[in-house]
Structure formats: structure tokens, C-alpha cells
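Take a look at the letters that make up each chain.
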Amino acid sequence: MITGNTRRVQGFAPIVADWRRLWREAVTDPRELLDLLDLGHLAGALLPGTDTGFALRVPRGFIARMRRGDPADPLLLQVLPQVAELLDVAGFSHDAVGDLDARQATGVLHKYPGRALLIATGSCAVNCRYCFRRHFPYAEETAAAGHWRGAIESIRSDTSINEVILSGGDPLSLSTPKLAELTDALTPIAHLQRLRIHTRLPVVLPERVDTELATWLRRLPWPVAVVLHANHANEIDDAVADACTRLRASGVNLLNQSVLLRGINDSVEALASLSERLFAVGVVPYYLHQLDRVAGAAHFLVDDNTARALVDTLRGQLSGYLVPRLVREIAGAAAKSPL
Ligand SMILES: *Cc1c(COP(=O)(O)O)cnc(C)c1O
Ligand code: SF4
């Protein structure tokens, strides 16, 4: 029996750091980023001379996990604009995964049976260089851009949809009251059985998992899966581990999806440490994505044979549940396709 309120559970004190302030204080100047890492002298060699059309954005807490003086740091390479992005490579396009064809109502992508993906916002706390988002026309396509009613209506009217995926951009970019407004509107829809949230925020800005967010999660009427996005074990420091603890304490299931990235995690050692680190903080590896062929990201591509060989070796070394499924997204396919 619980004896009153005299005992306080350790480790669950309210989180007071203001994630919005930390968001605003993110580094957006590539030279400042290089200076912070003692790499200022390499600016001329590393940075593209012209605008890549996709700004640098990276929270300071994420920079703190990068190694000083290492231009090949696996976290730095995910966010630093590079000369190679300017190359026009055959087969790398602006709508690599057919999202523009799959649009069902503004802000809703219905590509796979049973699941509707809601583009809740186009914003992210970090700009990942390999992301399809660098070309997506979010200004018109987000459900948040005043189109929520239409998005909700299209989910309500299709009884084949049993799971809503909040995605973006990063849905946790929205304020918690805005998220609650959205889930309140979804709550009366009887055919919904699950909610999923695709987010990188608990990794790049773990302060986002504050008590208000945890309370919202705890009160949701459906079983919830939160699918994180980390590509390298170094992304998961103690602050991220604490955020994962808070997420799990709010009753959600934690999964992770990664992208296979040349020079960042394309080794058995890097992938094995990532899986082990994820599980140590309560997260189960879900997908390892073969890169979407978006213009400007060709330098990150790992060829399919190498990708298969890496995951085969991983399978020989790790517990089965630590081996993510190697998949790619093919425009028009009814599911993520195994390689
Ligand atoms: C990836 C994706 C999903 C989810 O696929 P799962 O295999 O269930 O993780 C759903 N809808 C869209 C549009 C997607 O791109
Ligand atoms: S957080 Fe996700 S959606 Fe945002 S830029 Fe990175 S990969 Fe793309």
C-alpha cells in the first residue's frame, strides 16, 4: 500500500529547462559551429562557397556531443553543409519517395494500409543533411498550416485507418497544447486503435520531454509508439537517456529508426554500438533505412550489397531484437521494402 505523499520518486523531478529557448539558441552559422569544435581553420575547405538551399540548424546540446577537432565526427557530418551537396547526381531527385503522389488530403499521407501519416508541422530542431525535407513543400502541405480540419476529416471518413502517425518535420516541434488540440480532435474517431509519433526531438533536444509533454502522453486514450531517430551511439548521452526514461515512465513504447549513412554509421562496430546503446536506454531498434535518393545527399549513399553485408554480419553478432530491419522506401510500394 502506498503511504501518502511523503515519498518522492527520485529521477522524476519536474523538468524546468525551457526547450523553446534552447531551440531558439540553436547554431545556424556554419562558421560558428566549426569554431565551437576548434575547426575554424578548415572553414574554407569544408564549407560550400554558395547557398545549398537548406540552412544549417543544430541545437547546442547536440554540438556538445561532437568530438572537438575532428572534421569526420559522425554527429557533425549529419548537420554540416558540404560542397558535395551541390553536385547534381543522376537518380537523386526532389521527391524521392513519391510523397506528392500519396497526398490524400492536405497534410495527410495515406500510402500504407491501416496507417495515415499526418504531417503535423514542417519544423525541426535540427536540419539533417540527408533528409527529404530539404525539398518538401511544407508551406502548403502541413496539417498545421490551418488545414487540420481537413486532415482530421479525411481520417474520420476512412474507417480502414486504425493508426495515425504524427510526423513532419518533427511533430514535437509543436507546443504541447497544440498537440493536445490535435489528439483531442482524433479522440472521438472510433476506428483509431493506435497512435504513433515519429520524432528526433528527444535525441537532439531532450529537454523537449518536459513534464507537460509527459502528462499529455500519459493521458492519451490509445497505446502509443514513439519512434525516435538516432544514427550513432554518440548521439545518446545522459540527457537523452533521461528523456527516454521520462518517455517510458509516461507509458509509451520506444523504438528507433536510423538511416544508413556513409562515413557516419556504415560499419559493423558503429551499428552494433548504436543498437546496444539504444537498448541500454530502453529503446528497441526498428528500422535501418537505406538512404532516400534526395538531391544533395548522394555522398551519404551506401551501396545495397555493402548494406546487406553489414546487417548480415550484425545478425551474426547481436541478439535478434537488436538487429534493425534494413528497408528502403520505394515510391508506390504498399510497405517499406526489405533489401
Ligand atoms: C514509413 C511510413 C509509414 C509507416 O510504415 P511502418 O512500416 O508501419 O513503420 C506509414 N506511412 C507512410 C507514408 C510512411 O512513409
Ligand atoms: S529531424 Fe527528421 S525530419 Fe527533421 S531534418 Fe532531421 S531527418 Fe529530417
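Going by the structure above, here's the rest.
Worth saying up front: this structure is predicted, and the values here are computed from it rather than measured.

What counts, and at which threshold
Residues numbered from 1 in each chain as written. Chains lettered and ligands numbered in written order. Predicted model: local features only at pLDDT ≥ 70, side-chain atom pairs only at ≥ 80, totals over all residues. Heavy atoms only, no water. Near = heavy atom within 4 Å. 1 Å grid on protein atoms, 1.4 Å probe; cavity = no way out; pocket = protein on both sides within 12 Å on 5 of 7 lines; lining within 4 Å. Sits in = over half its atoms within 2 Å of the grid points. Nonpolar A, V, L, I, M, F, W, Y, C, P; charged D, E, K, R; others polar. Core = buried A, V, L, I, M, F, W, Y, C linked by side-chain atoms within 4.5 Å. Buried < 20%, exposed > 50% of the residue type's maximum accessible area, 1.4 Å probe, protein only. Helix = DSSP H or I, 4+ residues; strand = E, 2+ residues; numbered from the N terminus. Domains from an automatic or database assignment. Contact = heavy atoms within 4.5 Å. Salt bridge = Lys/Arg side-chain N within 4 Å of Asp/Glu carboxyl O. Points joined across faces, edges and corners; volume = space filled by probe spheres on them. Axes fitted to C-alpha atoms, helices over the stretch in contact; angles between N-to-C directions. Parallel < 35°, antiparallel > 145°, perpendicular 65-115°, else oblique. Expected span 1.5 Å × (residues − 1). Phe/Tyr/Trp six-rings, centres within 6.5 Å; stacked < 30°, edge-to-face > 60°. Lys NZ or Arg CZ within 6 Å of the ring centre and 35° of its normal. Polar contact = N/O pair within 3.5 Å; in protein donor to acceptor, adjacent residues only side chain to side chain. Areas by Shrake-Rupley, 256 points an atom, 1.4 Å probe, with all protein chains shown as cover.

Caption draft 1: Region of the structure containing the site of ligand 2. Around ligand 2, the structure places C124, V126, C128, C131, R133, G169, R200 and H229. Structurally, ligand 2 is housed in the largest pocket. For the shell around ligand 2, the class distribution of residues is four nonpolar, two polar and two charged.

Caption draft 2: View of the nonpolar core. Among the nonpolar cores identified, the biggest contains 80 residues, and L33, V58 and M66 are the most heavily contacted of them. Top contributing element to this core by residue count: helix α12 (residues 238–249), with five residues. Here this core spans two domains, since at least three of its residues come from each of domain 1 (6–86) and domain 2 (100–338). Aside from chain neighbours lying at most four places away, what touches L33 is V27, L56, V58, I63, M66, L76, V79 and L80.

Caption draft 3: Here's a closer look at the environment of V323. For V323, the position within the fold is in the loop between α14 (304–317) and β9 (325–328). Between the C-alpha atoms of V323 and L288, which are 35 residues apart in sequence, the distance is 8.9 Å. Discounting chain neighbours no more than four positions away, the residues touching V323 are V311, L314, R315 and L318.

Caption draft 4: Looking closely at the pattern of salt bridges. Summed over the entire model, instances satisfying the criterion amount to 17 salt bridges. Residue D237 pairs with R65 through a salt bridge whose shortest N-O separation is 3.2 Å. Of this pair, D237 sits in the loop between β6 (224–229) and α12 while R65 sits in the loop between α4 (60–63) and α5 (76–79), placing them 172 residues apart in sequence. The salt bridge partner of D210 is R208, with a shortest N-O separation of 3.8 Å. A relative accessible area of 0% places R208 in the buried class. What emerges from the salt-bridge pattern is a single network uniting R67, D70 and D73.

Caption draft 5: A look at empty space enclosed by the protein. By the definition in use, this model includes two cavities of 30 Å³ or more. As a volume, the largest cavity reaches approximately 60 Å³. If you trace the largest cavity, you find it lined by N256, S258, L271, L274, S275, L278, P285, Y286, Y287, L288, L314 and P324. The set of elements that each furnish at least two residues to the lining of the largest cavity consists of β7 (253–259), α13 (268–280) and β8 (284–289). Split by residue class, the lining of the largest cavity holds nine nonpolar, three polar and no charged.

Caption draft 6: Structural view of the packing of helix α9 (residues 176–186) against helix α11 (residues 211–219). Interhelical geometry of α9 versus α11 gives an angle of 10° and a closest axis separation of 10 Å. As far as their axial angle goes, α11 and α9 are roughly parallel. Where α9 abuts α11, its residues T176, P177, L179, A180 and T183 lie against E212, L213 and W216. A per-class count over the contact of α9 with α11 returns five nonpolar, two polar and one charged.

Caption draft 7: Geometry of α13. Taking 1.5 Å of rise per residue, 13 residues should cover 18 Å, and α13 covers 18 Å from first to last C-alpha, within 8% of that figure. Among all positions of α13, only V268, A270, L271, A272, L274, S275 and L278 are buried. Of the surrounding elements, those touching the buried residues of α13 are β7, β8 and α14. Remark: G282 follows α13 within two positions and exhibits a positive phi of approximately 90°.

Caption draft 8: Inspection of the layout of surface pockets at higher detail. Empty space within the largest pocket amounts to approximately 970 Å³. In this structure, the largest pocket is lined by 43 residues; those nearest its centre are F132, S167, H198, Q257 and E329. Of all the elements in the fold, those that place two or more residues in the lining of the largest pocket are β2 (108–112), β3 (115–119), β4 (163–167), β5 (194–198), β6, β7 and β8. Here the lining of the largest pocket is composed, by residue class, of 22 nonpolar, eleven polar and ten charged.

Caption draft 9: View of the packing of aromatic side chains. By the definition in use, this model includes four aromatic pairs. Measuring from centroid to centroid gives 6.2 Å for W19 and W23, while their planes differ by 70°, and the two rings are edge-to-face. One end of the pair, W19, and the other, W23, are both in helix α1 (residues 19–24), four residues apart, so they sit about a helical turn from each other. Assigned by exposure class, W19 and W23 land together as buried. Note on Y286 and Y287: the rings are 4.0 Å apart at their centroids and 25° apart in plane angle, and the pair reads as stacked. Lying across the ring of W148, K178 places its NZ or CZ 4.8 Å from the centre.

Caption draft 10: How the structure looks around the environment of D184. Along the chain, D184 falls in helix α9. Residue classification places D184 among the exposed residues on the basis of a relative accessible area of 54%. Sequence spacing of D184 and P221 is 37 residues, and the spatial spacing of their C-alpha atoms is 9.6 Å.

Caption draft 11: Looking closely at the site of ligand 1. Near ligand 1 the following residues occur: K111, Y112, R115, L117, I165, R196, Y286, Y287, E329 and K336. Contact distances for ligand 1 include 2.6 Å between an oxygen atom and a side-chain N or O atom of Y287. Considering ligand 1 on its own, with 390 Å² of exposed area, one finds that the protein chains cover 91% of that surface. Here ligand 1 is seated within the largest pocket. Elements that contribute at least two residues to the shell around ligand 1 include exactly β2, β3 and β8. In terms of residue class, the shell around ligand 1 is built from five nonpolar, no polar and five charged.

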